[in-house]
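Now for the letters of each chain:
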Amino acid sequence: MKKEEEIYEARFQKHIDELKWLYMELYDVQEHFDELCASMKQFYDTRKKVLKASDLTREADPDWYKGSDILGMMMYTKMFGGNLKGVKKHLDYLKECGINYLHLMPLMESPKDRSDGGYAVADFRKVQPELGTVRDLESLASECRKQGISICLDFVMNHTSEDHEWAKRARAGEKEYQDRYFFYDNWDIPSQFEKTVPQVFPTTAPGNFTWLPEIEKVVMTTFYPYQWDLNYANPVVFNEMMYNFLYFANLGIDIIRIDAVPYIWKELGTSCRNLQKVHTIVRMMRMIGEIVCPGILLLGEVVMEPEKVVPYFGTPEKPECHMLYNVTTMATIWNTVATKDTRLLEKQLDSVYHLPGEYTFLNYLRCHDDIGWGLDYDSLGGWGMDQVAHKQFLNDFFTGKYKESFSRGVLYNDDPVSRDARFCGTTASMCGIEEALEKQDEGKMDQAIRLDLMLHGFMLQQSGIPVIYSGDEVGALNDNHYKEDPEKAEDSRYIHRGQFDWKLTEKIPQEGTVQNRIFYGLRRMEEIRMEHEVFSSDALARTMDMEDDSILGILRTGETEEMLGVYNFSDAPKKVSLQETWTDLLNDETYDTELSLKPYDFRWMIRK
């Protein structure tokens, strides 16, 4: 016990001066700071020994999550296993997939008819009853730990559901709880906010405030009217939300995904995005974690361009998030699929590759959310592309309206006035597998599967953590059943949030099936990635000029190996000249002077 006390005290003393300085700068209330410190100690004291042991192991190897041996998958508990116990029963399948990082989408209690996919939390200490209990979550986390799988869980800290206890008491007129949100007696101040604050969902949820007629007050609701923004200028809000964060950590959650982190601080006269005090809060959160539960990681959801994303890493001396999403690269790769032009993707990659090597990105092709076309329109404009027309082209392409399109999908938040919209669909349906099945065209199917595997190959070649969206490993298609559910029908994102079809897994061993070709194609690449040091975060990466705008070349240089990835984004065969002799990692073939690529084909080649 004495040793544990000494460990905690050492961690506490390492951070206490900076933590107090930041806290008092923000709140200047000694009483609340003292309460925070006392509660942190209580959470440490009640932290299980197995978690404390994990903390020590990870403290000794702080870069444990930066190797090339981590492979993630994200899923909805209900869609994959029915409930938490069902997910636990299917851990053998996840191990077969090579997964050792499991992101469970929001599962804390939220109103069924106003949940926003679980992002409208009514109780941070209760699991949705249909998914199980907190004990079930803790049991799953424990079993995952035994099997070498880290669990990631969303921490929705920008807002609560209007059904949260705080919101109910605020609606009942209790001033103390109204002060935990942004309440106003009239529209005067909200109208001033609206002059500078962009709308998140201008079509489905216009504005940033909601009128509550029963109490004749206005409340800030950045996302949806049933999600009330929390006021982090109130120290009670910060303290209580940090206790929820530590509660998650003590359940055995390894990665805490901070949802909508750029939005958590609001100031009149600003955009209420990416304000400096957001970084103060995240920095304090990082230190609180390093004091109480240093084995956990913070993953920031910052859906913005690179220059606005990177500050959320903090600095080497004062780090904030351990990991961030590589959002712009994800959107840009789908732009490349539609345009068959790699120039914008090369420019995006060059900006990422020039960042410090210690920055860790989470890379993905698809996730639970829509795809927003947040591209570099200055560059596109320089190449003669109009922003509005280009977005229209992309949406037409991915909904199958464009004459050369093979994609099948639907729009989300389509705004007929601005002609802006986001896009939804599974990887397989976007790559043409759905169209090929419709037309029973083997040629189209071969091409679609090549594109699917090529895009995954691109993702797996990047530094950071690759995360597969559940179902992509078996070529899951769009699920239109959501249209039959009144609670989901208006939200087209559910087209790629469908029920996991376990019958597809039965086709994995059947040679020649879509499932067989995709599953084992992915597994082969994932195994190669884990075997070669050139995929580690220490390796240097840069794009290569392939003398063809439809061909992307990426060179990785490690201590003992060089690896060249070549990707054909064209629907035509291509030949690529080589200056050196390379050996294909996927089939051991050797290339000396020229490489032939089929449409949407790629090569992973190595030189020692």
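Up top you'll find the structure we're talking about.
Presented here is a report on the structure given in the accompanying data block. (Residues numbered from 1 in each chain as written. Predicted model: local features only at pLDDT ≥ 70, side-chain atom pairs only at ≥ 80, totals over all residues. Heavy atoms only, no water.)

1. Things to note about helix α11 (residues 235-250)
Put simply, the test is: Only DSSP runs of H or I covering at least 4 residues are called helices, and only runs of E covering at least 2 are called strands; the numbering of each starts at the N terminus. To estimate how far a helix should reach, multiply one less than its number of residues by 1.5 Å. Working definition: with a 1.4 Å probe on protein chains only, accessible area under 20% of the residue-type maximum means buried, over 50% means exposed, and in between means partly exposed. Between N or O atoms, a polar contact is any pair within 3.5 Å; within protein, one atom must be a potential hydrogen donor and the other a potential acceptor, and residues adjacent in sequence are included only when both atoms are from side chains.
The terminal C-alpha atoms of α11, which comprises 16 residues, lie 22 Å apart, in line with the 22 Å expected from a rise of 1.5 Å per residue. Judged by how many residues are buried, α11 sits mostly within the fold: 14 of 16 residues are covered. N-cap assignment for α11: the residue whose side-chain oxygen lies 2.9 Å from the backbone N of Val 236 is Asn 234. A positive phi of about 105° marks Gly 252, the residue just after α11.

2. A word on the sheet that holds strand β8 (residues 209-212)
Spelled out, the test is: Each pair of strands is called paired provided DSSP finds at least two bridges between the two strands.
The strand order across the open sheet formed by three strands is β7-β9-β8, and the pairing between neighbours is antiparallel. Each edge of the sheet is formed by a strand with only one pairing partner; in this case those strands are β7 (183-184) and β8.

3. Focus: helix α17 (residues 387-398)
Note the threshold: We call two residues in contact whenever any of their non-hydrogen atoms come within 4.5 Å of each other.
Between its first and last C-alpha atoms α17 spans 17 Å; for twelve residues at 1.5 Å apiece the expected length is 16 Å, and the two agree. Regarding α17, the residues found buried are His 390, Lys 391, Phe 393, Leu 394, Asn 395, Phe 397 and Phe 398. Contacts made by the buried residues of α17 are with α14 (327-339), α16 (377-382), β15 (410-415), β16 (420-424) and α18 (427-431). Residue Asp 386 occupies the N-cap position of α17, its side-chain oxygen lying 3.3 Å from the main-chain nitrogen of Val 388.

4. Concerning the side chain of Lys 391
With respect to the helices, strands and loops of the structure, Lys 391 is situated in helix α17. Taking the relative accessible area as the measure of exposure, Lys 391 reaches 12% and is therefore buried. Not counting residues up to four positions away in its chain, the partners in contact with Lys 391 are Trp 373, Tyr 377 and Asp 420.

5. Let's talk about the sheet that holds strand β20 (residues 562-568)
Here is the rule: Angular values range over 0 to 180 degrees, each being the angle between N-to-C directions of two axes fitted as lines to C-alpha atoms, with helices fitted over their stretch in contact.
The antiparallel open sheet is built from six strands, whose spatial order is β18-β19-β20-β25-β22-β23. Since the sheet does not close on itself, it has two edges, and those belong to β18 (540-544) and β23 (590-591), each with one partner. With six bridges joining them, β20 and strand β25 (residues 602-607) adopt antiparallel strand pairing. When the sheet's bridge partners are listed, Val 566 is paired in β25 with Arg 603. Across the sheet, helix α20 (residues 442-461) touches β19 (551-557), β20 and β25, and the angle it forms with β20 is around 150°.

6. With respect to the side chain of His 456
For His 456, the position within the fold is in helix α20. Other than its neighbours up to four places away in sequence, His 456 contacts Leu 365, Thr 427, Asp 472, Leu 522 and Met 525.

7. Structural notes on the nonpolar core
Operational definition: Buried Ala, Val, Leu, Ile, Met, Phe, Trp, Tyr and Cys residues that are joined via side-chain atoms within 4.5 Å together make up what is termed a nonpolar core.
Tyr 232 and Trp 334 are the most contacted members of the largest nonpolar core, which totals 179 residues. Within the second largest apolar cluster, 15 residues are counted, among which are Phe 201, Ala 205, Tyr 263 and Cys 424.

8. Structural notes on the packing of aromatic side chains
Heads up, the rule is: The pairing test for Phe, Tyr and Trp rings, Trp by its six-membered ring, is centres within 6.5 Å, and the orientation test on the planes gives stacked under 30 degrees, edge-to-face over 60, and tilted for anything in between. Either the NZ atom of lysine or the CZ atom of arginine qualifies as a charge over a ring when it sits within 6 Å of the ring centre and within 35 degrees of the ring normal.
Enumeration according to the criterion identifies 45 aromatic pairs in this entry. Pairing Phe 393 with Tyr 402 gives two aromatic rings, centres 5.0 Å apart and planes at 85°, and the pair type is edge-to-face. For Tyr 402, a relative accessible area of 30% puts it in the partly exposed group. Each residue in the set Trp 334, Trp 373, Phe 393, Phe 397, Phe 398, Tyr 402, Phe 406, Phe 423 and Tyr 600 is aromatic and connected to the rest through ring pairs, giving one cluster. Positioned above the aromatic ring of Trp 64 is the side chain of Arg 58, whose terminal nitrogen or guanidinium carbon lies 3.9 Å from the ring centre. Here the basic side chain of Arg 497 rests over the ring of Tyr 494, its NZ or CZ set 4.9 Å away from the ring centre.

9. Re the layout of surface pockets
So the rule is basically this: Buried and open spaces are told apart on a 1 Å grid over the protein atoms alone, a cavity being a set of points where a 1.4 Å probe fits but cannot get out and a pocket being an open set with protein on both sides within 12 Å along at least five of seven lines. Residues with an atom within 4 Å of a point are the lining residues. Grid points are joined across faces, edges and corners, and a volume is the space filled by probe spheres set on the points. Residues were grouped as follows: Ala, Val, Leu, Ile, Met, Phe, Trp, Tyr, Cys and Pro as nonpolar; Asp, Glu, Lys and Arg as charged; and all remaining residues, including Gly, as polar.
Of the volumes computed, that of the second largest pocket is approximately 820 Å³. Lys 112, Ser 115, Gly 117, Lys 488 and Tyr 494 are the residues nearest the centre of the second largest pocket, which is lined by 36 residues in total. Tallying contributions element by element places helix α4 (residues 77-81) first for the lining of the second largest pocket, with three residues. Within the lining of the second largest pocket, the residues separate by chemical class into 15 nonpolar, seven polar and 14 charged.

10. Notes on empty space enclosed by the protein
Going through the model one piece at a time under the given rule, you end up with seven cavities of 30 Å³ or more. When its volume is computed, the largest cavity comes out at roughly 70 Å³. Asn 326, Thr 329, Met 330, Ile 333, Asn 363, Tyr 364, Leu 365, Phe 458, Met 459 and Gln 462 together form the lining of the largest cavity. Mapped onto the lining of the largest cavity, the elements with two or more residues apiece are α14, β14 (360-364) and α20.

11. Let's talk about the pattern of salt bridges
What counts here: By definition here, a salt bridge exists when the distance from a side-chain nitrogen of Lys or Arg to a carboxyl oxygen of Asp or Glu is within 4 Å.
Counted according to the given criterion, the structure contains 47 salt bridges. Here Asp 376 makes a salt bridge to Lys 347, at a shortest N to O gap of 3.5 Å. Of this pair, Asp 376 sits in the loop between β14 and α16 while Lys 347 sits in helix α15 (residues 343-353), and the two are 29 residues apart along the sequence. Assessed through its relative accessible area of 28%, Asp 376 is described here as partly exposed. Put simply, Glu 438 and Arg 408 hold a salt bridge, and the shortest N to O gap is 3.3 Å.

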